[in-house]
Amino acid sequence: GAVVSQHPSRVICKSGTSVKIECRSLDFQATTMFWYRQFPKKSLMLMATSNEGSKATYEQGVEKDKFLINHASLTLSTLTVTSAHPEDSSFYICSAIRGYGGYTFGSGTRLTVV
Amino acid sequence: QKEVEQNSGPLSVPEGAIASLNCTYSDRGSQSFFWYRQYSGKSPELIMSIYSNGDKEDGRFTAQLNKASQYVSLLIRDSQPSDSATYLCAVISNNNDMRFGAGTRLTVKP
């Protein structure tokens, strides 16, 4: 079945540093990927839609300069949290659309900024 | 108005009972609807998808969709303690992105 690999699964970084999260579709090409953020006991909030070869579309209230998204190939999208602060600590999840329209989620990345 | 609304619960049912989870959505043009189960600290896993009005059954799970009322539900029959999780309603909007409800926390008591 379709698999989306997300890495790292867990990261702790110091305040002010940047963190890159990778999302790879392993056995299918994903022209569109989505990035979500989830705070404890809250639902998944869509941050941005990542389109291969073009700029990402960000949801209202999401800072594009802080959350840099790159989708340079059909199998890889990256989310970079720049100058991370403790309030950026969250669970970040990517998903990709498979050819027939189904969605597959990555395993998520737990980011802790100290 | 939130795009996808769910009762956050918590919903508690005894083992063997039917658990009923409800969801409403605001985008009348939505065509695809999903129920995901999420355990704490894990990614959501797909339980059911439904695209047409009516009922869709898969094992102990039944999804119900009423587009006129903009309402989708999930019934879990013969609930088991292992069903205890947060259930997320998701809707694909006209932009082709997936929007989630806040989730309903279900506890099945042995």
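Placed above this text is the structure.
In what follows, the accompanying structure is described.

### Some points on the packing of aromatic side chains
Aromatic ring pairs are reported here in terms of the distance separating the ring centres and the angle at which the planes meet. Counting across every chain of the model gives 11 aromatic pairs over all chains. Aromatic side chains A:F67 and A:Y92 sit 6.4 Å apart centroid to centroid with 40 degrees between the ring planes, which places their arrangement in the tilted category. Linking A:F67 in strand β7 (residues 67-73) with A:Y92 in strand β9 (residues 90-97), this pair joins segments that are 25 residues apart in sequence. The two residues A:F67 and A:Y92 agree in class, both being buried. Following the ring pairs from residue to residue traces out a cluster consisting of A:F34, A:Y36, A:Y103, A:F105, B:F34, B:Y36, B:Y51 and B:F100.

### Side note on the pairing of strand β1 (residues 4-7) of chain A
All names here are of chain A. Because side chains alternate across β1, one face comprises the buried residues V4 and Q6, and the other comprises S5 and H7, none of which is buried. Alignment of β1 against strand β3 (residues 19-25), held across four bridges, turns out to be antiparallel. Bridged to Q6 within β3 is C23.

### What to know about the side chain of A:T109
Residue and element names in this part refer to chain A. Of note, T109 is situated in strand β11 (residues 109-113). Polar contacts involving the side chain of T109 include one to the main-chain carbonyl oxygen of P8, which spans 2.5 Å. In this structure, T109 is in contact with Q6, H7, P8, S9, V11, I21, S90, F91 and Y92, ignoring residues within four places of it in sequence.

### Here we look at the state of the cysteines
For the structure shown, the criterion picks out two disulfides over all chains. In this model B:C23 forms its disulfide with B:C89; the gap between the sulfur atoms is 2.0 Å. An S-S torsion of about -70 degrees defines the bridge between B:C23 and B:C89 as left-handed. Taken together, the residues B:C23 in strand β3 (residues 19-25) and B:C89 in strand β9 (residues 85-92) connect sequence positions 66 residues apart. Neither residue differs from the other here; B:C23 and B:C89 are each classed as buried. The cysteine A:C13 is free of any disulfide, with A:C94 supplying the nearest cysteine sulfur at 18 Å. Judged by its relative accessible area of 8%, A:C13 is buried.

### Looking at the interface of chain B and chain A
Of the residues lining the interface, 16 residues belong to chain B; the matching set on chain A comes to 19 residues. It is B:S43, B:M98 and B:F100 in chain B that bury the most area against chain A; as a group they hold 32% of the surface buried on that side. Linking chain B with chain A are one salt bridge, by the criterion used here. Between A:E59 and B:R99 there is a salt bridge, with its nearest N and O atoms 2.8 Å apart. At the boundary of chain B and chain A, one finds six residue pairs in polar contact (both at pLDDT 80 or more). Mapped by element, the contributors of at least two residues to the side of chain B that touches chain A are β4 (32-38), β9 and β10 (98-100) of chain B. Take the side of chain B that touches chain A: its biggest share by element is three residues, from β10(B). Classifying every residue of the side of chain B that touches chain A by side-chain character gives seven nonpolar, five polar and four charged.

### Focus: the sheet that holds strand β7 (residues 61-66) of chain B
Adjacent strands of a sheet pair through backbone hydrogen bonds, lying either parallel or antiparallel. Residue and element names in this part refer to chain B. Spatially, five strands are ordered β1-β3-β8-β7-β6 in an open sheet, and the strand pairing comes out antiparallel. Two strands lie at the open edges of the sheet, namely β1 (4-6) and β6 (54-58), each paired on one side alone. Sheet twist, expressed as the mean angle between neighbouring strand axes with direction ignored, is 20 degrees. In this structure, β1 lies alongside β3, joined through three bridges in antiparallel fashion.

The rules behind the values
- Residues numbered from 1 in each chain as written.
- Chains lettered and ligands numbered in written order.
- Predicted model: local features only at pLDDT ≥ 70, side-chain atom pairs only at ≥ 80, totals over all residues.
- Heavy atoms only, no water.
- Phe/Tyr/Trp six-rings, centres within 6.5 Å; stacked < 30°, edge-to-face > 60°.
- Helix = DSSP H or I, 4+ residues; strand = E, 2+ residues; numbered from the N terminus.
- Buried < 20%, exposed > 50% of the residue type's maximum accessible area, 1.4 Å probe, protein only.
- Pairing = 2+ DSSP bridges.
- Polar contact = N/O pair within 3.5 Å; in protein donor to acceptor, adjacent residues only side chain to side chain.
- Contact = heavy atoms within 4.5 Å.
- Disulfide = S-S within 2.5 Å.
- Buried area = accessible area lost by both parts, 1.4 Å probe.
- Salt bridge = Lys/Arg side-chain N within 4 Å of Asp/Glu carboxyl O.
- Nonpolar A, V, L, I, M, F, W, Y, C, P; charged D, E, K, R; others polar.
- Axes fitted to C-alpha atoms, helices over the stretch in contact; angles between N-to-C directions.

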